[in-house]
Amino acid sequence: MGTYILRRILINIPVLLIITVFIFALVEIAPGDMADFFINDEVLQYLSEADIVEMRESLGLNDSPPVRYFKWLGRIVKGDLGFSYVEKEAVNQLIFRRLINTSYLMIFAFLFSIIVGIPTGIFISLRQYSIADFSITGLSFIAISMPSFVAGILGIYFFAIKFPIFPSGGMYSVMGGRTIGDLFFHLFLPGVTLGLMHMARNIRYTRVSMLDVLKQDYIVTARAKGLDKRTTIYRHALRNALIPIVTIVGVVFTQLIVGAVYMETIYNWPGLGRLYYNAINARDYPVIMGANLIISILVLTVNLLVDVLYSIIDPRIRYK
Amino acid sequence: MKKIALVIILTVVFATAIFARGVPEETKTDAQAPQQIFIAAYSEGPGGNGAQVAIPFSSAAGHSSLLKMYSPLTVLSKDASEIVPYAAESWEASADMKTWTFTLRQDMRFSDGKKITAQDVKDTAEYITHPEYRPENAADRNAWLSNVVGFKEKTAGTISELTSIRVVDEFKIEISLEVPNPRFFANCYRAYILPVYAFNFDPGNPLMTDWWVNSTLQVSSGPYKVGDFRKDEYLELIPNEYFFLGKPKLDKFIIKLFGGDITAAVLALAAGDVMFSYVNYDDLSILDKNNFNIFPGSSDVIVFFDLNYNNLPDYWKDVRVRQAIMYAIDRKAIVKNIFKDSAVVYPALWAHPITYSDSLNWFDYNPEKAKQLLAEAGINPADIVIDIQSHAGYNNTLNNAALQSMQQYLSRIGITKFSYRFLDVASWRSLYKKNGAWTIGFRGWGVPMYGADPNFQASNSGGQGGDFRGYDFDNNGFPELIKKVTSAPTNQEYFKALTDLNDLHNEKLPVLYMWVETRFGAALKTVKDFHWFPAAGGGPYLDDSHLWSIVR
């Protein structure tokens, strides 16, 4: 297993490099750069060509794209993600701060999708074709079909405007105590709406998987040899039913990041997603590249963890 | 049993969410003594400047926020219709209109108690013309000082002082101009007085310091000073007890930051989490009319088709082709049915009724006339290609619907090659600066009565450096009229000159005029004496924010 993990980590390094080259090329192809963002119509008339060259020089835009990429890579090796002239802050510091904020949102949404989704899936799988099964399955289809930003806006409309239980956005109350409770209070609505789709999918996967497992011979055998229903379900059926759920965790992580871009915008959550969105608009290369690097590392790490977890849950699987 | 356990767990989760928020300081303070706290999305919308909410002379917008912290020499009136005194209580020009003397109020003090004098005005001018001073947007600095003697030399570093700006006495400052400008006072409404003596940073780095939002460093010349700042979250302002119009009634004026996203701000407004926000017309319906005061006003932003004659086929130079397009589009129907009358059509560049003459052609919908004009010009409508690039600021549902209906109108006269795409800010600016990258732009331009550059769309340089659009304004009679505008000594003559300029614009039609949108702000009715106006760039306009209060 140790060799396998080491090999995966080594493979991930070139994968990471390819991702950064790809993202750099994509940004490069897009028209306009950071200087275009700064030198707007009003400023243009008062700047000479020399001024613009100087500004481009200070932003590091005068080098050719490959030189800029390798300069960026050189800094990365030293652990320096560069400086954001749009946000006026070192990218390391900026991304770290925003990542912490986004992680609150993602962890909450993830836990919500697991804690509510899996038990509900088990619950309806044990009551197949009941009213509860049909109702929850129907609602799950709606939740799966609903894009995050729609769920987000509906969440605000119903729970912040029509029935003002939760705040409409932000991470803390303005002038509030910045307590964990206050954070949780602000986290609840964006977290639930971000996790809604994944919760619904967990319900569907768990239900189908459980129904599949419950029909297996070993479950019948377990019941026949006298094991009580509870032990049969939770010790034998559930553990095997969870295997396909674990495989989608890696995918969920990526989708949560994508969903966070919308959620953070709608809920005014100062996280990495909103930063990334604004950076793309401003062609803020250091932030775009830095954020991509960090997100890529996280996604690759989660995928590796999922594979490891997979072998723990299913002892039949052994990596070499 | 299991069901009960499930219900208990869910109840605990919800109860935790609702009640575990802790007690914010605001509530604690409320219990002791009611505080006057105003929370607003003041940096959002077209007049806002996003995160750069507190730095003057760095952006062409955000002036309704900046006025809360810094006092300019003059200011727009409440409805932005005229220039009125502010820090300068009066001004006078020499006979040749080249030397202006401003007399400051004598009761002004910075928030640290230091008296505001003419020397502070001069120091401000010297600071923002320092050769290393490099804001992201120098429009406000240049509007005030670019015509001052020595401006180019000072900003280039060949002279060290603007001797043309002279302190006459403690409260009088004299400014000498390169060329006569009878309306120079109108160039001073964004000339904020800064406490340069209190700056602890190099002039070259005004955007790289936290001085502007640091409550222990920042010094204010406006009604409020910085009390607290949370990056990405909010800027908290507290009263400047020395403010010359009186200490503000609000205890805290909080500008909540939404990262430039108006949707989040409007939802927060509807939820009552903020007390004011800019609101798009199609978002007004979610606000409860019983709880909000709506503040409508003309945006002073003309929406038009910008034509790049450098790249368009030659037949576009024939005014009959441009007139045909105007006649083919029923602008009034678009405004009525799509914008629900929240916009008005306009006939010429300066979209102010006071500058409209009776002879203006309003290009009322007339497809037959359009066909006739194209036939007279010898153009087959099927050969006309309209490829529009739209500015990011106009990428919304209403404009999208408007462009779609234009496509249908044009197809009725046989123009079927019609396409449009919305660009993000960097792409737009990149394409606009690189001649050859665009043909027709769908965009807007702020044309407030005061402060707008009369050269825009009326001279070959177009106020944008170089022959940007390829229309020969110089040989079509525009320079003489611009000279009349810039040298008009009185309001009456100024309006007359703009009227003549409008007539010529309407006749020559170098761009295709569409509409001017009405913009809206909405504030909770609990905010007493509140005033907001959608002035271009946020003004600044007189809003008497020191008088605002919260009614409980």
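None of the values given here were measured: they were computed from a predicted structure.

(A) Examining the overall build of chain A more closely. On a plain count of helices and strands, chain A comes out with 14 helices and two strands. Of all 320 residues assigned to chain A, the portion counted as buried reaches 52%. Here the contacts in chain A between residues at least 6 apart in sequence split such that 73% fall between residues at least 24 apart. Accessible area of chain A: about 15,000 Å², with a carbon and sulfur share of 70%. Within chain A, one finds 28 positive and 22 negative side-chain charges whose respective centroids are separated by 18 Å.

(B) Representation of the pairing of strand β8 (residues 224–230) of chain B in the model. Residues and elements named next belong to chain B. Here β8 runs beside strand β9 (residues 234–239); their pairing, made up of six bridges, is antiparallel. Each residue of the ladder has a partner; that of tyrosine 224, found in β9, is proline 239. From the end of β8 to the start of β9, which pair antiparallel, there are three residues, and aspartate 232 there has a positive phi angle of about 70°.

(C) Summary view of the packing of aromatic side chains. Residue and element names in this part refer to chain B. Going through the model one piece at a time under the given rule, you end up with 61 aromatic pairs over all chains. Ring geometry for tyrosine 224 and phenylalanine 253: centres 5.2 Å apart, planes at 55°, overall tilted. Note that tyrosine 224 is positioned in strand β8 and phenylalanine 253 in strand β10 (residues 252–256), a separation of 29 residues in sequence. The two residues tyrosine 224 and phenylalanine 253 agree in class, both being buried. Seen from their ring centres, phenylalanine 339 and tryptophan 515 are 5.1 Å apart, and the 50° between their planes marks the pair as tilted. You can see phenylalanine 339 sitting in the loop between α9 (331–337) and β13 (343–345) and its partner tryptophan 515 sitting in strand β17 (residues 512–524), a full 176 residues away along the chain. When sorted by exposure, phenylalanine 339 lands in the same class as tryptophan 515, which is buried.

(D) Examining the side chain of His352(B) more closely. Residues and elements named next belong to chain B. Here histidine 352 is to be found in the loop between β13 and α10 (367–377). One polar contact links the side chain of histidine 352 to the main-chain carbonyl oxygen of valine 447, over a distance of 2.7 Å. The residues touching histidine 352, leaving out its near neighbours within four places in the chain, are Asp300, Val447, Pro448 and Met449.

(E) Quick peek at the environment of Tyr409(B). By the element assignment, Tyr409(B) lies in helix α11 (residues 397–412). Along the chain, Tyr409(B) and Ile325(B) lie 84 residues apart, while their C-alpha atoms are 9.4 Å from each other.

(F) Structural detail: a nonpolar patch on the surface. Residues and elements named next belong to chain A. A cluster of nonpolar side chains, namely Leu154, Tyr157, Phe158, Phe159, Phe163 and Ile165, defines an oily patch on the protein surface of about 530 Å² accessible area. Within the secondary structure, phenylalanine 163 is located in the loop between α8 (148–162) and α9 (180–214). Take phenylalanine 163: its relative accessible area is 52%, and that puts it in the exposed class.

(G) Summary view of the packing of helix α10 (residues 217–224) of chain A against helix α11 (residues 229–247) of chain A. Residue and element names in this part refer to chain A. Relative to each other, α10 and α11 sit at 160°, their axes nearing to 10 Å. With respect to each other, α10 and α11 are oriented roughly antiparallel. Along this stretch, α10 crosses α11, giving a crossing that reads as right-handed. From α10, Tyr218, Ile219, Ala222 and Arg223 reach across to α11, where they touch Lys229, Thr232, His236, Ala237 and Asn240. The residue makeup of the contact of α10 with α11, split by class, is four nonpolar, three polar and two charged.

(H) Highlighting the sheet that holds strand β6 (residues 165–169) of chain B. All names here are of chain B. Pairing is antiparallel across the open sheet formed by four strands, whose spatial order is β4-β5-β7-β6. Two strands in the sheet have a free side with no partner beyond their single neighbour: β4 (88–93) and β6. The mean inter-strand angle of the sheet, taken between neighbouring strand axes irrespective of direction, is 20°. Packed onto the sheet, helix α4 (residues 118–128) meets β5 (99–104), β6 and β7 (172–176) and runs at close to 175° relative to β6.

(I) Representation of helix α13 (residues 272–282) of chain A within the structure. Taken residue by residue, α13(A) has Leu272(A), Gly273(A), Arg274(A), Leu275(A), Tyr276(A), Ala279(A) and Ala282(A) as its buried positions. Directly beyond the C-terminal end of α13(A), a positive phi value near 50° is found at Arg283(A).

(J) Just the confidence of the model for chain A, in detail. Averaged over every residue, the pLDDT of chain A is 86; the share at 70 or more is 94%. Averaged pLDDT values over the elements of chain A bottom out at 52 in helix α3 (residues 41–44) of chain A and peak at 94 in helix α7 (residues 131–145) of chain A.

(K) Here's a closer look at the pairing of β7(B). All names here are of chain B. Across the five residues that make up β7, a large majority, four, are buried. Sheet topology places β5 next to β7; five bridges connect them, and they run antiparallel. Residue pairing in the sheet places threonine 101 in a bridge with glutamate 174 of β7. Once β6 ends, the chain turns through two residues before running back antiparallel as β7.

(L) Spotlight on the nonpolar core. Counting 250 residues, the largest nonpolar core has Phe38(B), Tyr42(B), Trp144(B), Trp316(B) and Trp515(B) as its most contacted members. At twelve residues, the largest contribution of residues to this core is made by helix α14 (residues 285–313) of chain A.

(M) Quick peek at helix α12 (residues 249–266) of chain A. Residues and elements named next belong to chain A. Between its first and last C-alpha atoms α12 spans 25 Å; for 18 residues at 1.5 Å apiece the expected length is 26 Å, and the two agree. Extensive coverage of α12 is indicated by the burial of 13 of its 18 residues. Taken from the residues just after α12, asparagine 268 is the one with a positive phi, measuring 50°.

(N) Summary view of the packing of helix α6 (residues 91–125) of chain A against α13(A). All names here are of chain A. Following both chains from N to C, one finds α6 and α13 inclined at 130°, their axes separated by 7 Å at the closest point. One finds that α6 runs oblique with respect to α13. Touching Leu94, Ile95, Arg98, Leu99 and Thr102 of α6 are Leu272, Gly273, Arg274 and Leu275, all from α13. Tallied by class, the residues present in the contact of α6 with α13 amount to five nonpolar, two polar and two charged.

(O) Spatial organisation of unusual backbone geometry. With an omega of 10°, the peptide bond running from Gly539(B) to Pro540(B) counts as cis. Structurally, Pro540(B) can be placed in the loop between β18 (527–528) and β19 (549–550). Its identity as a non-glycine residue notwithstanding, Lys88(A) has a phi of 55°, on the positive side. As for its placement among the helices and strands, Lys88(A) is situated in the loop between β1 (83–84) and β2 (89–90). Phi at Asn268(A) takes a positive value of approximately 50°, unusual for a residue other than glycine.

(P) The arrangement of the pattern of salt bridges in detail. Residues and elements named next belong to chain B. Per the stated rule, a full pass over the model turns up 30 salt bridges over all chains. Between lysine 122 and glutamate 126 there is a salt bridge, and its shortest N-O distance comes to 2.8 Å. Taken together, the positions of lysine 122 and glutamate 126, both in helix α4 and four residues apart, correspond to about one turn of that helix. Side by side, lysine 122 and glutamate 126 carry an identical accessibility label, which is buried. Of the charged contacts, one joins lysine 332 and aspartate 364 as a salt bridge, the two residues approaching to 2.9 Å between their closest N and O atoms. On the criterion of sequence distance, the pair formed by lysine 332 in helix α9 and aspartate 364 in the loop between β13 and α10 is long-range, its members being 32 residues apart.

What counts, and at which threshold
- Residues numbered from 1 in each chain as written.
- Chains lettered and ligands numbered in written order.
- Predicted model: local features only at pLDDT ≥ 70, side-chain atom pairs only at ≥ 80, totals over all residues.
- Heavy atoms only, no water.
- Helix = DSSP H or I, 4+ residues; strand = E, 2+ residues; numbered from the N terminus.
- Buried < 20%, exposed > 50% of the residue type's maximum accessible area, 1.4 Å probe, protein only.
- Contact = heavy atoms within 4.5 Å.
- Areas by Shrake-Rupley, 256 points an atom, 1.4 Å probe, with all protein chains shown as cover.
- Lys, Arg positive; Asp, Glu negative; His and termini not counted.
- Charge placed at Lys NZ, Arg CZ, Asp CG, Glu CD.
- Pairing = 2+ DSSP bridges.
- Phe/Tyr/Trp six-rings, centres within 6.5 Å; stacked < 30°, edge-to-face > 60°.
- Polar contact = N/O pair within 3.5 Å; in protein donor to acceptor, adjacent residues only side chain to side chain.
- Patch = residues over 30% accessible without salt bridge, like charges linked within 9 Å, V, L, I, M, F, W, Y side chains within 5 Å.
- Salt bridge = Lys/Arg side-chain N within 4 Å of Asp/Glu carboxyl O.
- Axes fitted to C-alpha atoms, helices over the stretch in contact; angles between N-to-C directions.
- Parallel < 35°, antiparallel > 145°, perpendicular 65-115°, else oblique.
- Left-handed = near helix turned anticlockwise from the far one by under 90°.
- Nonpolar A, V, L, I, M, F, W, Y, C, P; charged D, E, K, R; others polar.
- pLDDT = per-residue confidence, 0-100.
- Core = buried A, V, L, I, M, F, W, Y, C linked by side-chain atoms within 4.5 Å.
- Expected span 1.5 Å × (residues − 1).

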